[in-house]
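Read off the chains here:
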Amino acid sequence: MYKFLYSLLHYLAGGSVEQQEMKKQAADKAVQYIEDGMTIGLGTGSTVEFAIKKIGEMVKTGLHIEGVPTSLKTKRFATELQIPLTELDDRTEIDITIDGADEVDSNLNLIKGGGGALTREKIIAYHSKKVIIIVDETKIVKGLGCDCALPVEVTRFAWAATKKTLEKLGCTAELRKIMDEAFITDNQNYIIDCEFGKIADPETLEKDINNIPGVLENGLFIDLVDEVIVGSKQGMMTLERQNIVQ
Ligand code: 5RP
């Protein structure tokens, strides 16, 4: 419970000034991959907002791209910046997706969904030729689940039964609430935040959770990421999938 509240408050606040600087560093590097004519998946969260702002500036000075937003919040933000937008259904593939993460492990697997956009984020990432994750150094963990709860998007119908079934997988589960009201996703569903502690086998857990009827998607992103750009106090660092021996 406290872990989740802490993450949420931190999420809403966007982190310390130092953390903001690290996020911006990573975002500035990520947008360098963008080329004229590309379709760009636009992630959700305070880190990726730095990248979206930069893309807005690039569009103003003549870059031609189309963005595919992963949430209504990102859609509003990109629209304000006059970034041309399109839908995944109107494209066969997305060239590059830039998104944030709540936790990143040494295999470049992630926990995402602090902002509740995990289902759309995973769909967009899955259909992208290249997925770049931008984070500050606080998001790099030794094991997924150590510092944050795993968000799971579930149908509102029978959500309490789904929650009980999730708990049988070994977690403490909590319906996400904002000011005493259940948080509603862009897909009109609920989020159940599941505290597992260190997740020993993220690949299996991702599948086991998604096998539960009533679960739409969970925040474990396995083998979806090509590159993680980490803003840190020591400067920027890039972690690439091709360098990972599994
Ligand atoms: C939203 C997400 C975000 O990418 C994740 O929560 C990171 O957010 P931030 O960049 O604000 O720390 O998964 O669903």
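Conventions we followed
- Residues numbered from 1 in each chain as written.
- Predicted model: local features only at pLDDT ≥ 70, side-chain atom pairs only at ≥ 80, totals over all residues.
- Heavy atoms only, no water.
- pLDDT = per-residue confidence, 0-100.
- Helix = DSSP H or I, 4+ residues; strand = E, 2+ residues; numbered from the N terminus.
- Pairing = 2+ DSSP bridges.
- Buried < 20%, exposed > 50% of the residue type's maximum accessible area, 1.4 Å probe, protein only.
- Polar contact = N/O pair within 3.5 Å; in protein donor to acceptor, adjacent residues only side chain to side chain.
- Near = heavy atom within 4 Å.
- Nonpolar A, V, L, I, M, F, W, Y, C, P; charged D, E, K, R; others polar.
- Salt bridge = Lys/Arg side-chain N within 4 Å of Asp/Glu carboxyl O.

1. Things to note about the confidence of the model for the protein chain
Right, on to step 1. In the predicted model, the protein chain carries a mean pLDDT of 94, and 92% of its residues have values of at least 70.
Right, on to step 2. Highest mean pLDDT in the protein chain belongs to strand 7 (residues 150–154) (99); lowest belongs to helix 1 (residues 2–13) (52).

2. Digging into the sheet that holds strand 4 (residues 103–104)
Right, on to step 1. With antiparallel pairing, three strands are arranged side by side in an open sheet as 4-5-13. Here the strands that pair on one side only, and so sit at the sheet edges, are strand 4 and strand 13 (220–221).

3. Side note on the side chain of Asp193
Right, on to step 1. Relative to the elements of secondary structure, Asp193 occurs in strand 11 (residues 190–195).
Right, on to step 2. By relative accessible area, which is 3% here, Asp193 ends up buried.
Right, on to step 3. Polar contacts involving the side chain of Asp193 include one to the side chain of Arg176, which spans 2.9 Å.

4. Regarding the site of the ligand
Right, on to step 1. The ligand sits among 17 residues. The nearest are Thr44, Ser46, Thr47, Asp102 and Lys139.
Right, on to step 2. The separation between an oxygen atom of the ligand and a polar main-chain atom of Gly100 is 3.5 Å.
Right, on to step 3. Here an oxygen atom of the ligand sits 3.4 Å away from a polar atom, N or O, in the main chain of Gly114.
Right, on to step 4. Of the residues assigned to the shell around the ligand, the class counts are three nonpolar, nine polar and five charged.

5. Quick notes on the pattern of salt bridges
Two side chains that carry opposite charge are able to pair once their charged atoms sit near each other.
Right, on to step 1. According to the stated counting rule, one finds 14 salt bridges in the structure shown.
Right, on to step 2. With a closest N to O distance of 3.8 Å, Glu49 and Lys73 form a salt bridge. Of the two residues, Glu49 is situated in helix 3 (residues 46–60) and Lys73 in helix 4 (residues 72–80); the sequence distance between them amounts to 24 residues.
Right, on to step 3. With a relative accessible area of 44%, Lys73 lands in the partly exposed category.
Right, on to step 4. The partner of Glu121 in a salt bridge is Lys112, with the nearest N and O atoms 3.2 Å apart.
Right, on to step 5. The class of Glu121 is buried, set by a relative accessible area of 3%.
Right, on to step 6. Judged by its relative accessible area of 2%, Lys112 is buried.

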